[in-house]
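Inside the fold
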Amino acid sequence: MKIHEKYIKRCIQLAENGIGTTYPNPMVGSLIVHNNKIIGEGWHRKAGEPHAEVNAINSVKDKSLLKKATIYVSLEPCSHYGKTPPCSDLIIVSGFKKIVIGSIDPFPAVSGKGIKKLMDAGCEVILGILDKECNALNKRFFTFHKHQRPYIILKWAQSIDGFLAPISSEENHHREPVWITNKYSQQLVHKWRSEETAILVGTNTAVMDNPKLNTRLWEGTNPVRLVIDRRLRLTGDSALLDESTKTIVICEEEAHKINPKTSSENLIFETIDFNKEVTAEICKILYKHDIQSVIIEGGTRTIQSFIDSGLWDEARVFTGDAHFKRGIKAPLPPGTFKENNTQTGDTLRIYSND
């Protein structure tokens, strides 16, 4: 069993190369072992391109060895036709007799079907090797398909004395953000943006800071921008309305009736009932748009609303070395403390909603 864990761990390492590029597909890694030697490996690089198993098989120079080899994969091989043919069919045709799988795919079109197809073909299938680690690898994909909502990451930066900003939002009229973290932490945040499907802020953050919410400090895909603008307060000079990146504005129906907006390819207006649980209503909109993960970068009110509703999975909290003495209080860190990191010079604490 230990030898299987060793190879599945390598599959996970391979799969991580696809973070931020495989959406809406999961990250998957695969390798092929013959006589305790890795003879091929691959990972899913991008949606629409070959899956991990295909890349691993294609990397093997001597295809005659496949019938005597074991194929390892971090996630159950697909059994349906999507943009690519079923990987389970390829595994069978290639002659593999033994398959070791990390976790079962929660996607209804696949879940259990790929395993059944392999077993019906006479293959030996070993399941559940490092399944917790494999599930964590695809926490976004799993959360989306199991709970019909995105994986939700809360993120904020606070001063060492616990404030998000040095003065109240009512006193700040400059539309310039007050930086608490250093340039290295700021670059890390842009890396995170490239790894998630979307990013969300509230009205006050959008009005006061005029954020772009892109990945200009890191090479990668810009996330879908989301802004809660209940009464449609944002004006034409707002960076979030520039249509440079797909943006969804969440407003109330009454405001939309008074000030009707026409959606375009990159600027979409969605209405929700603000008399209901707002965070749950927002999650319905995000699920509708196939958004698998979202960073909540709003102010205290927006972040606190997700904490209070329990609709969050992870919190990433930076603490800089500034002292504000007064201002907007930061939320109390929620959940279970998981990790402490000071690599950027600021302190980063990670919490989980266990």
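Keep in mind it's a predicted model, so treat the numbers as computed, not measured.

All right, on to the UniProt feature "binding site: NADP(+)" (unreviewed entry) in the protein chain then. If you check UniProt for "binding site: NADP(+)" (unreviewed entry), the listed places come out as Ala157, Trp179, Thr205, Asp209, Gly299, Thr300, Arg301, Thr302, Ile303, Gln304 and Ser305 in our numbering. These annotated residues cover 149 residues of sequence, and their C-alpha atoms sit far apart, with the largest distance between any two at 23.3 Å. By relative accessible area, which is 54% here, Trp179 ends up exposed. Here Arg301 lies in helix H11 (residues 300–309). The exposure class of Arg301 is exposed, given its relative accessible area of 70%.

Glancing now at the pairing of strand S9 (residues 224–228). Burial runs high along S9: five of the five residues are buried. Of the two faces of S9, the one lined by Val224, Leu226 and Ile228 and the one lined by Arg225 and Val227 are each fully buried. The sheet contact formed by strand S8 (residues 198–201) and S9 spans four bridges and is parallel. Across the sheet, the residue bridging to Ile199 is Arg225, located in S9. Regarding topology, helix H8 (residues 203–209) serves as the crossover connection from S8 to the parallel S9, and that connection is right-handed. The pairing of S9 with strand S10 (residues 247–252) spans four bridges and is parallel. The residue of S10 that forms the bridge with Val227 is Val249.

We now examine the pattern of salt bridges. Following the criterion strictly, the structure yields 16 salt bridges and no others. Of the charged contacts in the structure, one is a salt bridge between Asp242 and Arg225, with a shortest N-O distance of 2.8 Å. In this pair, Asp242 is assigned in the loop between S9 and S10 and Arg225 in strand S9, connecting sequence segments 17 residues apart. The partly exposed category is assigned to Asp242, whose relative accessible area is 42%. Residues Glu252 and Arg230 are paired through a salt bridge, measuring 3.0 Å at the closest nitrogen-oxygen approach. On the criterion of sequence distance, the pair formed by Glu252 in strand S10 and Arg230 in the loop between S9 and S10 is long-range, its members being 22 residues apart.

Before going further, it helps to examine helix H10 (residues 278–288). All of the buried residues in H10 are Thr279, Glu281, Ile282, Cys283, Ile285 and Leu286. Within two residues after H10, Asp290 carries a phi angle of roughly 60°, on the positive side.

Looking now at the packing of aromatic side chains. For any two aromatic rings, the description comes down to two numbers: the centre-to-centre distance and the angle of the planes. Counting across every chain of the model gives five aromatic pairs. Seen from their ring centres, Phe144 and Tyr287 are 4.7 Å apart, and the 35° between their planes marks the pair as tilted. Of this pair, Phe144 sits in helix H6 (residues 139–147) while Tyr287 sits in helix H10; the two residues are 143 residues apart in sequence, bridging distant segments of the chain. The lysine or arginine in question, Arg45, covers the ring of Trp43, its NZ or CZ lying 4.0 Å from the ring centre.

A separate point is the nonpolar core. In this structure, Ile152, Leu154 and Leu226 are the most contacted members of the largest nonpolar core, which totals 30 residues. Sequence-distant contacts of Ile152, that is, excluding residues within four places in its chain, are made with Cys283, Val294, Ile296, Phe306, Leu311, Trp312, Asp313 and Glu314. Residues Val201, Leu234, Val249 and Cys251 belong to the second largest nonpolar core, which totals 27 residues.

A separate point is unusual backbone geometry. For the bond from Tyr23 to Pro24, the omega torsion is 5°, close enough to zero to count as cis. Take Pro24: it is sitting in the loop between helix H1 (2–15) and strand S1 (29–34). Residue Asn210 is not a glycine yet carries a positive backbone phi of 45°. Mapped onto the elements of the fold, Asn210 is located in the loop between H8 and S9. The exposure class of Asn210 is partly exposed, given its relative accessible area of 23%.

Reading the values: the criteria
Residues numbered from 1 in each chain as written. Predicted model: local features only at pLDDT ≥ 70, side-chain atom pairs only at ≥ 80, totals over all residues. Heavy atoms only, no water. UniProt positions renumbered as here; feature names shortened; annotations may be inferred. Buried < 20%, exposed > 50% of the residue type's maximum accessible area, 1.4 Å probe, protein only. Helix = DSSP H or I, 4+ residues; strand = E, 2+ residues; numbered from the N terminus. Pairing = 2+ DSSP bridges. Right-handed = clockwise from strand over helix to strand, strands pointing away. Salt bridge = Lys/Arg side-chain N within 4 Å of Asp/Glu carboxyl O. Phe/Tyr/Trp six-rings, centres within 6.5 Å; stacked < 30°, edge-to-face > 60°. Lys NZ or Arg CZ within 6 Å of the ring centre and 35° of its normal. Core = buried A, V, L, I, M, F, W, Y, C linked by side-chain atoms within 4.5 Å. Contact = heavy atoms within 4.5 Å.

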